[in-house]
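A look at the structure
The chain contents come next:
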Amino acid sequence: MSPDRSRVIPSGGPVGPEVEEPSSSRGTDAPNGSDDGTVLQKRVDRRRALGILIGGMAAATQAVSACAPLSAMTDDEREVKLLAWREYIKGNYHFMTDVERADTIARLERLAKLKRGADVTIQSTGAQPGVMFGYAFNISKCQGFRSCVEACINENNLDRRAATQYIRIFEMEDGVIDLDHADATFQHEVPAEGHFYMGTQCFQCADPPCVKVCPVGATWQEPDGITVVDYDWCIGCRYCMAACPYWARRFNWSAPEVPLAELNPVQHYLGNRERKVGVVEKCTFCIHRSRQGRLPACVEACPTGARVFGNLLDPNSEIRWVLANKRVFRLKEDLKTEPRFWYFTD
Amino acid sequence: MHLKPFALSALHSVTAGGRRYHLWMATLTLIMLVGAYAYSVQLRYGLGVTGMNDHVSWGLYISNFTFLVGLAAAAMMLVLPAYILHDVDFGRAVLMAEAVAVAALVMCLAFVVVDIGNPLGGWHLVPGIGYLNWPRSLLAWDVLVLNGYLALNLAIPFYILYGRFRGRPPEKRKYLPWMYIAVMWAVSIHLVTAFLLAGLPARPFWNTALLGPRFLASAFTAGPAFVILLLAFIRRETRYEISDGAFTKLALITTVAAQINLVMLGSELFYKFYSPTHHGINARYLFVGLDGHHALVPWIWTAIALNAMATIALMIHPLRRNPRWLAGACAVLFVGIWVEKGIGLVVPGFIPSPLGEIVEYTPSAVELGVTAGVWALGMFVLTILVRVALPIELGEARSPYIDEARVAPIVRPRGTRTPAKPVRPVRTR
Amino acid sequence: MMRPRVCATAMCIALMWVNSACGERDRAAADVRTAPGAPATDTARVNAEARVATVDTARNKRLEPGALATVSAAPVTLWKGPGDQPFEVTLRTADPASALARRFGTITMRTALRMRAPNVGQFPCTSCHLGRAMVLADKRVGDAHQNIESVHPVQAGGVCSTCHAPDNVELLTLKSGERATLDHAYRLCAQCHFSQADAWAGGAHGKRLDGWQGRRVLMGCADCHDPHKPALEPRIPFRAPQLKRPRGHDR
């Protein structure tokens, strides 16, 4: 190619040749074909430019590899990288086959062992047929002890650094249930005179607004009514947090930290396994316990027996007895989210 | 065959310029580097380095996103008269407006990327390899319409510019159907973004039918205002001719839209304050403060005052015709709408929380740095697009492979400037 | 031109990636060797391949076994649960496993408000009394019962014999003339607190041990309420401990 073609082409206008122009948009360009002294006006041809780029990249790669030689990685580090890569490219758990689920669980258990030396068991237990979980909360009995919060934090491996808590206990004055004038940050002897206590967490709504809005389908409702999140598929857009009317969802604003000595090794893929920074999480009715027939930690820990849990499809369950025999109500009934969490009084 | 010269010509247009131009680009680059560093901090430590928390889970990033979607949509306001109604006045201005749309869209997408907690998982959104929850999720709709709009706004001007570059004028029958689609698409991108917020019964501040129309009104105020400023700059600094008619009509659009915006604001204020139900508690926080918390009150009232003053100024014909008053009013409107529709819309939706707790929001330094970086990126893209488009439109950049005689420039002779039209004197008495 | 080459490269990269992602599925089925360190029996995958139910039997064994297997409980008389299902009530024993504390993660928390064993004196009467005579075998103990000051049931008379049989404090007298052991104290409590007893049998009052499914064992009245001072004691609520604040803004 002739040198002219290889240069950039400011073709002359139709009227008159290119002359010195006072116009500021043209600047102080030198006329075609000559190199000026300043850097801005230097012209290089394509081949030289390409050569400089490639040479620069090669030199940079050498420098980087000299600083961090790849061959010095231990076997464990290499395995962690490989497992992490496979975890990165996997799909949405909701649509995985059983074999894929087993594989990802094996990888996660192995990663927990390699990274922290933790021996964890991650379940993939599915929903029991004929089970729909329901929950009832007795606002006459709750005394604001927050034992439920303590049990939940330990059972679900919640972030100790950010003090994440799925459960929120509100202290309200007797007379009206008004969350606008409730205090969840109380720290005095309870129960306080003239006040009552009410707890919230994810209500596992039958028509969940959070599931509708997730752009990648990372959150869905399981057949037994628990709304779950695939933490590895979540992109962290937090639209579900905006959509939840009950402030049930939490986001990992920083990398969650659970001391190894406090780590609960009994985990579920959709529940209390270790989460990572930048993803949303929420109460799952202790999916790793409830699917094995056990009570969620909050229900079991409550010293006053204010929490009731069971199978809504079993007519002989305690939750059904409460719904039939006690005056129950739900929060924000008018939003038609149909929460599966009722409040009642003695 | 013409692509390589086109790219080289574009590269030259962008890299060649005077000292002011290089200073501008260098400043933008510096701000972008600051933003990149801030973003690296955010990537390393997580979004906790921003001012957002579980209560106010969307902050400055989504505020800017909401505002900029409106800016992108409004650029299409010029397309309709220009291409479809064959309004000669708008013909020159349309490509600049499309450049604004592209730059605004790039900023929108950038704000979304910096806001999500797991950006490496962005491929989860791609249908086929990921899973896009369409049509249930409004965010999925937004992903589709924004990218589609970006593609339209890149493809159509590219076709036109490339056609002019190679001396073959663009054929109406090829791009006009896409123009029709693009105009409808423009309205839809902003409606989708409005529905994204309005469809959440958990957030009574947004859960109103008026949010979509309010978005459109404020978009058509801020968008043409910005385009007016850009065109005024281009007219003053380059030889590109833009008729007075374009400015007059754009100013009229801005004024009417600003009036509608104020009416809608009044409607919202009445609805939320006449009967103080729980539905209006977020508005109470925003406009008068709640339980001792009033961080946003000065911001919103300043924004409303700015909007009102600018609207009134624009409603006075002599002022609207005066270029300085017009530019000033447009700048003031732009800032006012940015506050009212940005942080004045997104943040109060979260305060108080659905459970009645009040946790206020202050952007952190990292957030401000990233925001500045993204805005600089947008201005950078805008500058590049304008710098590429102008020489082609002026007829100065042409492919070397075409016959020179066929070129039909659309520029007036070099060496002259548009004489400043005499301004009708403002009546002082 | 460059275009075909770029397209070809992009296609190659896309194909490699897709292959590696899809190849997982095929390779997993064929791969017999499990990842090093994985459970010896990859039960989940074996189950899946054999198309058995997804309840993880191997994993179940690793769960902390519920105490239901070991708790001593007696069937409740006269009261039936929802749907007239029978249920059981915990017995007072000195066995720590039924001490009504459970593990949550790595901590153990009391799940009942009272530890009855140290309070009520679960040791047999004969450790103090010689036979049925009110003679203390060990005079150093003093009178072990007089320090119990009852604030309940003041409405019913408020003396020990309101509830306890005069000749044997470990038996409770019922209105019908019958006597109930301390393990079946609910029969006495229900005489006055019949609505609470109804709710207790139904599930709205008191606590159930361990599970929502299967054997239904409820805590007895005295597991939470001290019969001599039944009101719940106030306490300072739990406050979540927080590690050092992370960099940047936080809640």
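Residues numbered from 1 in each chain as written. Chains lettered and ligands numbered in written order. Predicted model: local features only at pLDDT ≥ 70, side-chain atom pairs only at ≥ 80, totals over all residues.

Regarding the overall build of chain C
In terms of regular secondary structure, chain C is built from 6 helices and 8 strands. For chain C, buried positions account for 24% of its 251 residues. A separation threshold of at least 6 residues defines the contact pool for chain C, and within that pool the share at least 24 residues apart is 48%. (Helix = DSSP H or I, 4+ residues; strand = E, 2+ residues; numbered from the N terminus. Buried ≥ 20, exposed ≤ 12 C-beta atoms within 10 Å, placed from the backbone. Contact = placed C-beta atoms within 7 Å.)

Some thoughts on the overall build of chain A
Of the regular secondary structure elements, chain A holds 10 helices and 12 strands. Buried residues in chain A amount to 49% of all 346 residues. Long-range pairs, those at least 24 residues apart, make up 65% of the contacts in chain A with a sequence separation of at least 6.

Structural notes on the packing of helix α7 (residues 172-198) of chain B against helix α8 (residues 211-237) of chain B
All names here are of chain B. Running from N to C, α7 and α8 cross one another at 135°; their axes reach a closest spacing of 8 Å. When the interaxial angle is binned, α7 and α8 end up oblique. As α7 packs across α8, the resulting crossing turns out to be right-handed. In this structure, α7 contributes V187, H190, L191, T193, A194, F195, L197 and A198 to the contact, and α8 contributes L211, G212, F215, L216 and A219. By residue class, the composition of the contact of α7 with α8 is 10 nonpolar, 3 polar and no charged. (Axes fitted to C-alpha atoms, helices over the stretch in contact; angles between N-to-C directions. Parallel < 35°, antiparallel > 145°, perpendicular 65-115°, else oblique. Left-handed = near helix turned anticlockwise from the far one by under 90°. Nonpolar A, V, L, I, M, F, W, Y, C, P; charged D, E, K, R; others polar.)

Topic: the sheet that holds strand β6 (residues 168-173) of chain C
All names here are of chain C. Pairing within the open sheet is antiparallel, and its 3 strands lie in the order β5-β6-β7. Each edge of the sheet is formed by a strand with only one pairing partner; in this case those strands are β5 (164-165) and β7 (179-181). In this structure, β5 lies alongside β6, joined through 2 bridges in antiparallel fashion. Bridge assignment links A165 to a residue of β6, and that residue is N168. (Pairing = 2+ DSSP bridges.)

Description of helix α5 (residues 147-155) of chain A
Counting buried positions along α5 of chain A gives 9 out of 9 residues, so the element sits mostly inside the fold. In the core, the buried residues of α5 of chain A are packed alongside β3 (168-173), β4 (195-200), α9 (297-301) and β10 (307-311) of chain A together with β3 (101-104) and β4 (107-110) of chain C. Two residues or fewer past α5 of chain A, N157 of chain A is found with a positive phi of approximately 55°.

Comments concerning the interface of chain B and chain A
Taken together, the contacts link 59 residues of chain B with 52 residues of chain A. Mapped onto the side of chain B that touches chain A, the elements with two or more residues apiece are α1 (3-15), α2 (19-45) and α6 (138-165) of chain B. Ranked by residue count, the leading element in the side of chain B that touches chain A is α1 of chain B, at 5 residues. Along the lines of polarity and charge, the residues of the side of chain B that touches chain A split into 28 nonpolar, 21 polar and 10 charged.

Re the pairing of strand β12 (residues 341-344) of chain A
Residue and element names in this part refer to chain A. The side-chain alternation of β12 yields two buried faces, one formed by F341 and Y343 and the other by W342 and F344. For strand β2 (residues 133-138) and β12, the ladder comprises 4 bridges, and the chain directions are parallel. Bridge assignment links F137 to a residue of β12, and that residue is Y343. With 2 bridges joining them, strand β11 (residues 328-329) and β12 adopt antiparallel strand pairing.

A few points about the nonpolar core
By size, the foremost hydrophobic cluster in this structure holds 244 residues, and its most contacted members are A72, V100 and M107 of chain B. No other element matches helix α5 (residues 94-115) of chain B, which puts 17 residues into this core. Looking at this core, you find at least three residues from each of domain 1 (75-119) and domain 2 (133-344) of chain A. If we skip the residues at most four places from it in the chain, A72 of chain B touches A101, A104, L105, C108, Y149 and I189 of chain B. (Core = buried A, V, L, I, M, F, W, Y, C linked by C-beta atoms within 7 Å. Domains from an automatic or database assignment.)

Thoughts on the environment of R164 of chain B
Residue and element names in this part refer to chain B. With respect to the secondary-structure elements, R164 resides in helix α6. Each C-alpha atom, one on R164 and one on A397, is 9.1 Å from the other, the two residues being 233 residues apart in sequence. The contacts of R164, once residues within four sequence positions are left out, are P169 and I392.

Thoughts on the sheet that holds β11 of chain A
All names here are of chain A. What the 4 strands build is an open sheet, ordered β10-β2-β12-β11; its pairing is mixed. In this open sheet, the two strands that pair with only one neighbour each are β10 and β11. Lying over the sheet, helix α10 (residues 318-325) contacts β2, β10, β11 and β12, oriented at roughly 115° with respect to β10.

A look at the packing of α8 of chain B against helix α9 (residues 244-273) of chain B
Residue and element names in this part refer to chain B. At a closest axis distance of 8 Å, the pairing of α8 and α9 adopts a crossing angle of 150°. By the angle class used here, α8 and α9 are roughly antiparallel. Classified by chirality, the crossing of α9 by α8 is left-handed. Contacts between α8 and α9 involve P213, R214, A217, S218, F220, T221, P224, A225, V227, I228 and L231 from the former and A246, F247, L250, A251, I253, T254, A257, A258, I260, N261 and M264 from the latter. Considered class by class, the residues forming the contact of α8 with α9 number 17 nonpolar, 4 polar and 1 charged.

Notes on the pairing of β6 of chain C
Residues and elements named next belong to chain C. Taking the residues that link successive antiparallel strands as the turn, the β5-β6 hairpin has 2 residues. Across 3 bridges, β6 lies against β7 in antiparallel orientation. Note that in β7 the partner of L172 across the bridge is A180. Between β6 and β7, which pair antiparallel in sequence order, lie 5 residues; one of them, G177, sits at a positive phi of approximately 100°.

Thoughts on the domain arrangement of chain A
Residue and element names in this part refer to chain A. Once the domains are mapped, chain A shows domain 1 (75-119) and domain 2 (133-344). Computed from C-alpha coordinates alone, the two centres of domain 1 and domain 2 are separated by 28 Å. Contact residues are listed per partner, giving 11 residues for domain 1 and 12 residues for domain 2. For the side of domain 1 that touches domain 2, the element with the highest residue contribution is helix α4 (residues 98-116), accounting for 4 residues.

Structural notes on the environment of D142 of chain B
Turning to its location among the elements, D142 of chain B is positioned in helix α6. As a C-alpha pair, D142 of chain B and L368 of chain B span 226 residues in sequence and 25 Å in three-dimensional space.

Comments concerning the environment of T277 of chain B
Positionally, T277 of chain B belongs in the loop between α9 and α10 (281-287). On a C-alpha basis, the gap between T277 of chain B and P127 of chain B in space is 42 Å, while along the polypeptide they are 150 residues apart.

What about the confidence of the model for chain C?
Residues and elements named next belong to chain C. On average, residues of chain C score 69 in pLDDT, and 52% of them are at 70 or above. Counting contacts from residues 50-65, a segment whose pLDDT is below 50, to residues more than four positions away or on other chains yields 23 contacts. Note on residues 119-123: pLDDT under 50 across the span, and 6 contacts to partners over four residues away in sequence or across chains. Interface confidence for the predicted complex, expressed as ipTM, amounts to 0.89; the pTM equals 0.82. (pLDDT = per-residue confidence, 0-100.)

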